[in-house]
Structures are given as structure tokens and as C-alpha cells.
Amino acid sequence: MNAIRDGLSASEIAQGVTGRKISALAVAEAVLARIAKHNPVLNAFTDVTADRARAKARAVDAAVAVGKNAGPLAGVPFAVKNLFDVQGLSTRAGSKINRDLEPAKRDATLIERMEAAGAVLVGALNMGEYAYDFTGENVHDGPSRNPHDVTRMTGGSSGGSGGAVGGGLVPLALGSDTNGSIRVPSSFCGIFGLKPTYGRLSRARSFPFVFSLDHLGPFARNVGDLALAYDAMQGPDPDDAACTTRTAEPVTPLLAQDIGGLRIAVAGGYFQNNVFPEASEAVARVAKALGATRTIEIPEAARARAAAYVITTAEGASLHLDRLRKRPNDFDPAVRDRLLAGAMIPAPLVDRAQKFRRWYRTRMLEIFGSVDVIIAPATPCVAPKLGQATFVLDGVELPVRANIGIHTQPISFIGLPVAAVPVPLEPMPISVQVIAAPWREDIALRVAFALERAGVVSAPPPRGI
């Protein structure tokens, strides 16, 4: 049985492997065959770890054969953005420079936790250089391509992750989100994504971008799978100084809980003005399904986005300063120029951005005193064409790359948990952000699950391959 071609979810694969109806090795072989067939078009993978995948799958099958618990993700294939350390691979982080690094000696914590739950790593995925990207276009590895229309962007910087899951190459993938890099590919590729609360999941042994803004999280084709992956990765980790000391708080058992008592509001003002008609339509469908009639104003959202830019470019420049001095010509010129600009930002401006950040966080927590969930667009439009440089937003022609994250940056700026849920519009899907208070991933995922059960959100089958 070709498990992925037949549309089996991660949970169905795990149940089939555990019940000995299918073998983990057969699933791995099917996925590797699908990658070989479709990756030349989608360009989602930069590395395929076939031998490792087969060895892990055999180990899962051996455990099942003797009656051992092989884990909630037994035999489930997954792949990771290539900024995760994968033992034996150089952690390229989408760059040319990092290819000269020694191979990683140990997997990233989240890979270890996924494999401890029985999942099978099949490879590393294309991404924007050093995660400073919203398009999914990489000058060194080529652009990842949208599985619904290969002339369009996947979204960045986790573009390979979005393309791999959206194209059905793997049921699960991991990515990172600093300013929107899980939510944007989720929107453009029509899949579910979770940006957890800042500090919820360990970032240990992943290549950083902006330490104070970086999050790691999963992609999937349904909410149940998203929750399974998220639950498998939770827990404290002393190897990441920012990781919470909270014990794991599983959400899978809570997904079907009634959401009727939740207070749900739609973000107004800034979040309603900077959109194309498809984004407005997606938000309207979700709001109607949830019975959300209240609109709230998020204070100073535009300023929050500006402050996020300042902190991002300043911290990113600091991280890469030595590389900028020694190997400037080996950067994507667009990334290099943004980092050089960040190196010249005056310290008082960064200080003001951080002070504003504290103020903004306080105001947002006050809002969550009266609401449980905020609904907002994930992207202002469906996926633009590859190479498209500008679009017209609110009557103004603006650069595409810089403005795709116009609705995600004010949210990740203070580390709120968000589930991105895909609305299957024609001809291209687009996502909505389901935003909750810190540490309330359970609420965001319960709302996402209710929307999925109601048929309002779903991951459409790939139309471009």
C-alpha cells in the first residue's frame, strides 16, 4: 500500500503500523518514492536521508513485532527545515556559507523527541537563506514551488516545509517562525501550522535567526496530526535557555471539547485594511462559522510590526557580523543588504523597540482578559507568482517580500501561540490565524479542530503535481 498516495494521515499511519496492518518500512519506501517523483518539480527537499529512514522504520517494525509500544507516531515519516541539526549533515540554514560546517554530531532536540515517539526522519527541507525571507525563494538551492500551482511561491522562510506537506510528500514537517515563517507557508500551501508560545518548544541544536523571536513548530494536513506532533515535542530542555520549565501539557485529548463558551473576536482596523479580497473572505467564513460578531482593535499593531523589524534586523546582523565581514559575496544579496542595514541601526532605536515591546505585550494581555481567541488574516493575499517583486496593497504598490508578513509580525513579536488554518478557496487556498493567550495552544487547536469538523477549513489535495 502506498500510504501517502492513498491519503493516510499521520494518525492513520501510526495506527496501521501499531496494528500491524502496514509496515513502517513500507510507508518509508512509499514516501521516498513519492519524494523521488515529485521533488524535482517542488524542490522542497535539499537532503533525503533514505538509509537513516529505512533503519528507523525497521526498528519501529521490530518493536511492534515483539509487542513493544512504538509510540504515538509509530512509522510516521517527517522532514525538517534545514536549519535543524541532523546528525551527519551540515546544517546549511539555506545558506552557501554553512555548507562548509562540519556535519552535526547530534540531532536537534525536536528531532530526537519526534523519533522517540516513533516518527521516521526522511530528510531536510529547502528554506530562505538564514530564515530572513517570506517567499520561499533561495538563490543557492532554487525556489521551493507551490504544490497547487508550481509557478507560485510556497512562502518563507519554511517554504520547503510548506511544499512538502502541501504536496503530500510527507504528512508532517517541522519549521521555524520568527516573524511568520510557519504561518505564511501554511497560508500559501493550504496546510495547518502551529506557532507555539515563545519558549514552549526547544530550539536546541537549530540554527538561530533572532534569539528573542525564534519559534519552532509543526506543519500537518489536519489538526489531529498537528496536535500529535506538538505533543510529542513538548517539555523542558536545559539546552535551550529560553525553553519553558513547564511540564508537557498535551492537547490531543482536548481537541474535541466544546468551544461554545469561548469568547472569540475578530481583529479589526489594521488587520482589515491591509488585505486582498481573498483574505477578507477567508476571515469572514471563519468568523461566521464561529459565530464571532465582536471586533476588537489591537493597539499600535503597525508600530509593533515596525518594532519587530528593528529587533529582527539588529539581532540578525549581530549574529552574522563575522560572516558579513569575511564572506559578503557568498550571501544572497538581498539578505546581505538587510543584514548590513541592521548592523547600522542605532542602539537607542533598538532600546525603544524593546521598551515598546513590553508595553505592547501588556496591552495584549489586557485584551485576553476579555477574549479567548482572536481571528486575523495570516497573509494579505494568496501565494504570489515566483519572482513577483511588488503588489498593490490598500492602493499602494509595495515590495512583496517585505510585506507578506504584515499580519503575522505583530503577533510573533510578543510570542503568542497561533494555529494557522487553511480556507480552501479557489483557485488557491489562504489561511487565517487563530490566536490565543500565552500557553493556551489548547484553545487555538480546539478552535481549529472545530472549524475542521465543520468543513470550513481543510488542506486541499495538491493541484499542481
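Reading guide: rules and limits
- Residues numbered from 1 in each chain as written.
- Predicted model: local features only at pLDDT ≥ 70, side-chain atom pairs only at ≥ 80, totals over all residues.
- Heavy atoms only, no water.
- Phe/Tyr/Trp six-rings, centres within 6.5 Å; stacked < 30°, edge-to-face > 60°.
- Helix = DSSP H or I, 4+ residues; strand = E, 2+ residues; numbered from the N terminus.
- Buried < 20%, exposed > 50% of the residue type's maximum accessible area, 1.4 Å probe, protein only.
- Lys NZ or Arg CZ within 6 Å of the ring centre and 35° of its normal.
- Axes fitted to C-alpha atoms, helices over the stretch in contact; angles between N-to-C directions.
- Parallel < 35°, antiparallel > 145°, perpendicular 65-115°, else oblique.
- Contact = heavy atoms within 4.5 Å.
- Nonpolar A, V, L, I, M, F, W, Y, C, P; charged D, E, K, R; others polar.
- 1 Å grid on protein atoms, 1.4 Å probe; cavity = no way out; pocket = protein on both sides within 12 Å on 5 of 7 lines; lining within 4 Å.
- Points joined across faces, edges and corners; volume = space filled by probe spheres on them.
- Salt bridge = Lys/Arg side-chain N within 4 Å of Asp/Glu carboxyl O.
- Left-handed = near helix turned anticlockwise from the far one by under 90°.
- Pairing = 2+ DSSP bridges.
- Polar contact = N/O pair within 3.5 Å; in protein donor to acceptor, adjacent residues only side chain to side chain.

With that settled, consider the packing of aromatic side chains. In total, this model carries 9 aromatic pairs according to the counting rule given. Measuring from ring centre to ring centre gives 5.8 Å for Y130 and F331, while their planes differ by 45°; the resulting arrangement is tilted. A residue pair is termed long-range when its members are at least 10 positions apart, and Y130 in the loop between β3 (120–125) and β4 (145–146) and F331 in the loop between α10 (301–326) and α11 (333–343) qualify at 201 residues. Each member of the pair Y130 and F331 is classed as buried. Here the aromatic cluster, defined as three or more aromatic residues joined through ring pairs, consists of F356, W359, Y360 and F413. Above the ring of F211, the side-chain terminus of R203 is found at 4.3 Å from the ring centroid. Residue placement shows R338 over the ring face of Y132; its charged tip is 4.5 Å from the ring centre.

What follows concerns the packing of α10 against α11. At their nearest, the axes of α10 and α11 sit 8 Å apart, and the two run at 110° to each other. One finds that α10 runs roughly perpendicular with respect to α11. Where α10 abuts α11, its residues T313, A314, G316, A317, H320, L321 and L324 lie against R336, R338, L339, L340, A341, G342 and A343. Among the residues forming the contact of α10 with α11, the class breakdown is 8 nonpolar, 4 polar and 2 charged.

Under the counting rule described, the total for this entry stands at 1 cavity of 30 Å³ or more. For the largest cavity, the calculated volume is near 50 Å³. In terms of lining, the largest cavity is formed by D47, N82, F84, V86, L89, S90, T91, R92 and A124. By residue class, the composition of the lining of the largest cavity is 4 nonpolar, 3 polar and 2 charged.

What follows deals with the pattern of salt bridges. Overall, the coordinates contain 30 salt bridges when judged by the stated rule. The salt bridge partner of D141 is R99, with a shortest N-O separation of 2.9 Å. Of the two residues, D141 is situated in the loop between β3 and β4 and R99 in the loop between β2 (77–81) and α4 (109–116); the sequence distance between them amounts to 42 residues. Here R99 falls in the partly exposed class, since its relative accessible area comes to 31%. Between R200 and E441 there is a salt bridge, and its shortest N-O distance comes to 2.9 Å. Within this pair, whereas R200 is found in the loop between β7 (192–195) and β8 (215–220), its partner E441 is found in helix α15 (residues 441–453), the two being separated by 241 residues in sequence. By the burial criterion, R200 is buried, and E441 matches it. A cluster of three or more residues bridged by salt bridges with shared partners is formed by D47, R92, R99 and D141.

For the pair α4 and helix α7 (residues 223–233), interaxial distance at closest approach is 8 Å and the crossing angle is 115°. The angle between α4 and α7 falls in the class roughly perpendicular. Between α4 and α7 the crossing geometry is right-handed. Here α4 contributes L110, R113 and M114 to the contact with α7, which in turn contributes A229, A232 and M233.

As defined by bridge partners, β4 adjoins strand β5 (residues 149–153) across 2 bridges and the pair is classed as antiparallel. Paired with N146 across the bridge in β5 is D149. In sequence, β4 turns back onto β5 through a hairpin of 2 residues.

Let's shift gears to the environment of T135. For T135, the position within the fold is in the loop between β3 and β4. Taking the relative accessible area as the measure of exposure, T135 reaches 2% and is therefore buried. Separated by 215 residues in the primary sequence, T135 and V350 place their C-alpha atoms 26 Å from one another. Contact partners of T135, with chain neighbours within four places excluded, come to M153, T154, G155, G156, R401 and I404. One polar contact links T135 to D133, side chain to side chain, over a distance of 2.8 Å. Engagement of the side chain of T135 in a polar contact is seen with the backbone nitrogen of E137, the distance being 3.1 Å.

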